[in-house]
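# Descriptive analysis of the structure
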Amino acid sequence: DPEFEKFETENGYNSTTFVFHHRINKGDRHCKTDLQFHYNKFSKLTIKEQIQKFARKLDKKPKINRNHRLWWRESHLDLAHLAMNGIEVDSTLIGFKPFQLVAEQRLLPIWEVPFSIVDYGAISVTNSATCAYNIVIDMEILFKKGITPIVGLFHPYLKKLSKWREFFFLAEKYDYKIMDMT
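Presented here is an overview of the structure given in this document. (Residues numbered from 1 in each chain as written. Predicted model: local features only at pLDDT ≥ 70, side-chain atom pairs only at ≥ 80, totals over all residues. Heavy atoms only, no water.)

### Overview of the environment of Ile51
Defined as follows: Each helix is a run of DSSP H or I of at least 4 residues and each strand a run of E of at least 2, with the numbering of both proceeding from the N terminus. Think of it in three bands: residues with accessible area under 20% of the maximum for their type are buried, residues over 50% are exposed, and the middle band is partly exposed, with areas taken using a 1.4 Å probe on protein chains only. Any two residues whose heavy atoms approach within 4.5 Å at even a single point are treated as in contact.
Mapped onto the fold, Ile51 is located in helix 2 (residues 47–58). By relative accessible area, Ile51 is classed as buried at 6%. In this structure, the C-alpha to C-alpha distance between Ile51 and His21, residues 30 residues apart in sequence, is 7.3 Å. Setting aside chain neighbours within four positions, we find Ile51 in contact with Phe37, Lys61, Pro62, Asn85 and Ile87.

### So, the layout of surface pockets
Just so we agree on the cut-off: Residues are called lining when one of their atoms sits within 4 Å of a cavity or pocket point, these points coming from a 1 Å grid over the protein atoms alone, where a cavity is a set in which a 1.4 Å probe fits but cannot get out and a pocket is an open set with protein on both sides within 12 Å along at least five of seven lines. Grid points are joined across faces, edges and corners, and a volume is the space filled by probe spheres set on the points. Residues were grouped as follows: Ala, Val, Leu, Ile, Met, Phe, Trp, Tyr, Cys and Pro as nonpolar; Asp, Glu, Lys and Arg as charged; and all remaining residues, including Gly, as polar.
Of the volumes computed, that of the largest pocket is approximately 1400 Å³. Elements with a contribution of two residues or more to the lining of the largest pocket: helix 1 (2–11), strand 1 (16–19), strand 9 (152–153) and helix 5 (164–173). Among the elements that make up the lining of the largest pocket, the one with the highest residue count is helix 1 (five residues). Grouping the amino acids of the lining of the largest pocket by side-chain chemistry returns 27 nonpolar, twelve polar and eight charged.

### Remarks on the packing of aromatic side chains
In this description, a pair of aromatic rings is defined by centroid distance and the angle of the planes. The following threshold applies: Think of it this way: a Phe, Tyr or Trp ring, Trp meaning its six-membered ring, pairs with another when their centres are within 6.5 Å, and the plane angle makes it stacked under 30 degrees, edge-to-face over 60, tilted otherwise. Here, a charge over a ring is recorded when the distance from Lys NZ or Arg CZ to the ring centre is within 6 Å and its angle to the ring normal is within 35 degrees.
The tally for this structure, following the rule as stated, stands at 13 aromatic pairs. Residues Tyr13 and Phe168 carry aromatic rings whose centres are separated by 4.7 Å and whose planes lie at 20° to one another, so their mutual orientation is stacked. Of this pair, Tyr13 sits in the loop between helix 1 and strand 1 while Phe168 is found in helix 5, placing the two residues 155 residues apart along the sequence. Overall, Phe168 belongs to the buried group, its relative accessible area being 7%. The residue whose ring lies beneath Lys159 is Phe4, and the NZ or CZ to ring-centre distance is 5.6 Å.

### Describing the nonpolar core
Note the cut-off: Nonpolar core, defined: a set of buried Ala, Val, Leu, Ile, Met, Phe, Trp, Tyr and Cys residues in which side-chain atoms within 4.5 Å join the residues together.
One finds Phe37, Ile47, Phe54, Leu82, Ile87, Leu108 and Ile110 to be the most contacted residues of the largest nonpolar core, which totals 17 residues. Only strand 2 (34–37), helix 2 and helix 3 (76–84) provide two or more residues apiece to this core. The contacts of Ile87, once residues within four sequence positions are left out, are Phe37, Ile51, Pro62, Lys63, Ile64, Asn65, Leu82, Pro109 and Ile110. Core analysis: the next-biggest nonpolar cluster, separate from the first, contains 16 residues, Leu142, Phe168, Ala171 and Ile178 among them.

### Description of helix 2
Inclusion rule: Take the number of residues in a helix, subtract one, and multiply by 1.5 Å to get its expected span. As used here, the arc belongs to the directions running from the helix axis to the C-beta atoms.
The first and last C-alpha atoms of helix 2 sit 16 Å apart over twelve residues, in line with the 16 Å expected at 1.5 Å per residue. Buried within helix 2 are the following residues: Ile47, Gln50, Ile51, Phe54 and Leu58. Angular distribution of buried residues about the axis of helix 2 spans 100°; they occupy a single face of the element. The outward face of helix 2, more than 90 degrees from its buried face, is lined by the exposed residues Lys48 and Arg56. Once helix 2 ends, the next one or two residues include Asp59, with phi positive near 60°.

This is how it looks when you write it as structure tokens:
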């Protein structure tokens, strides 16, 4: 998103943007934002084919993934599937602490780095069983409590409703380092 990128450039921030393989444009190869893989489970293409298209268009193989849905049909199988396809980090679940899963007595070679803040309105206690409290209403609570890392997930199409700028200002106020996921 040009507005996100301009804001980051003007303020010296870096972040990661997850993009579907079919939405990558020619100019994206030269953008300053860290572009990573947004796996589409509903695509007719396999994950391997999606990663190959992503890599061809951006001239780099993705290391990080985000799925476009919060409910997984499986738990460790999704992470294992991503790891078998070269993904080292996933950021699909809601939570506070990064973790590695153990499946059948084996540590999976992939980290889940959950997001803890999402666009206002995207997660709601009235329409989602995944949360009991929408932390974005008062995201400062996480910064006050010293929770690390705090991963914010903001969508360009919801930016007028979200508090994405406030996230950056709170990080500065509480002396958090803002960085991309790589």
